[in-house]
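# A closer look at the structure
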Amino acid sequence: MTSNDFVAHTLLTHSLLTHAIHVCTPTHLHIYTHEHSNRQMLKTAYGSVGIALAAATIMLLATSRSLLLTLFSTTTVAYVLSSVTASLVSLGWTLGFLESICFAILIGISCDFVLHFAHAYTTMEGDVHREERTKFAILHMGPSILAAGFTTIASAAVMNFTVITFFQKFGLILLIAVIQATIGAFIVFNTLVICFGPKNPSKMYDALKEKCSSGNRSQSQTNKDGDSSDTNGDTNGDEENNIGTTANMRASRPY
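Notes on the structure follow.

Parameters and conventions
- Residues numbered from 1 in each chain as written.
- Predicted model: local features only at pLDDT ≥ 70, side-chain atom pairs only at ≥ 80, totals over all residues.
- Heavy atoms only, no water.
- Axes fitted to C-alpha atoms, helices over the stretch in contact; angles between N-to-C directions.
- Helix = DSSP H or I, 4+ residues; strand = E, 2+ residues; numbered from the N terminus.
- Left-handed = near helix turned anticlockwise from the far one by under 90°.
- Contact = heavy atoms within 4.5 Å.
- Nonpolar A, V, L, I, M, F, W, Y, C, P; charged D, E, K, R; others polar.
- Polar contact = N/O pair within 3.5 Å; in protein donor to acceptor, adjacent residues only side chain to side chain.
- Buried < 20%, exposed > 50% of the residue type's maximum accessible area, 1.4 Å probe, protein only.
- Parallel < 35°, antiparallel > 145°, perpendicular 65-115°, else oblique.

Moving on: the packing of helix H3 (residues 67–90) against helix H4 (residues 97–121). Two elements in contact, H3 and H4, have axes separated by 9 Å at closest approach and are oriented at 145°. Seen along the crossing, H3 lies across H4 with a hand that is right-handed. In this structure, H3 uses Leu-69, Ser-73, Thr-76, Val-77, Val-80, Leu-81, Val-84, Thr-85 and Leu-88 to contact H4, whose residues at the interface are Phe-103, Leu-106, Ile-107, Ser-110, Cys-111, Val-114, Ala-118 and Tyr-121. Class assignment for the residues of the contact of H3 with H4 results in 13 nonpolar, 4 polar and no charged.

Below is the structure:
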């Protein structure tokens, strides 16, 4: 190694070491940790929203027994989430630890009102026009939803005057979420069902249930017929054996 190569190698090693020390200073380490935490919180928020939406969709499908109502309900929940997120961004909020926790709770508030309306829509049995079903759902479930929304808004308004930061942020998110959930349930969901709602929401489910029941009944009847045939066959075989035994006894009887 020549002297020039040695000097070049020494300068390169020194520059790399200086860069490593510069990167590992407390300031840069704090910036790196903060960015990493933000990425993890964002990933966790997206994951919680996806899991909650999937669980809400399954619950809506199980309670309403209608794919169309499940689609309308999921669309309403997505509207509530989007509007609340847009409202918080317009207020200058950024995603942090407290905000990610509040977003995980937000899903349950978003699907509460629309779930009650969807269940009330399916209460009437048979083929009923969508306007009658929507009117029935609003008249029988609307006052309860309005009362629940009023009490929740009142409690969220009180939380905005607290000293603890988490309660202030959670109260604001709860306030905006309940207002948007009420608007989504009364306007977005009811508009969708009154225009495109099914006349008999559980028709597909009832047909599938009836088909499964008829299949089970036919299978049971087939098994019963098979058992009856076996029983008759055994009875006929026993009678033939008895007749043969009687004939043999008569043939062997001395005159």
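Text resumes after the structure shown.
In this section: the environment of Thr-123. In this fold, Thr-123 is placed in the loop between H4 and helix H5 (130–159). Residues Thr-123 and Ala-137, 14 residues apart in the sequence, show an inter-C-alpha distance of 8.4 Å. One polar contact links the side chain of Thr-123 to the main-chain carbonyl oxygen of His-119, over a distance of 3.0 Å.

For Leu-172, the location among the structural elements is in helix H6 (residues 165–196). Judged by its relative accessible area of 22%, Leu-172 falls in the partly exposed class. In this structure the C-alpha to C-alpha distance between Leu-172 and Leu-88, which are 84 residues apart in sequence, comes to 9.0 Å. Residues in contact with Leu-172, not counting those within four places in the same chain, are Leu-91, Trp-93 and Asn-160.

Looking now at the packing of H5 against H6. Two elements in contact, H5 and H6, have axes whose closest approach is 9 Å; the angle formed by their N-to-C orientations is 170°. Judged on the interaxial angle alone, H6 and H5 are roughly antiparallel. Its residues assigned to classes, the contact of H5 with H6 comprises 17 nonpolar, 8 polar and 2 charged.

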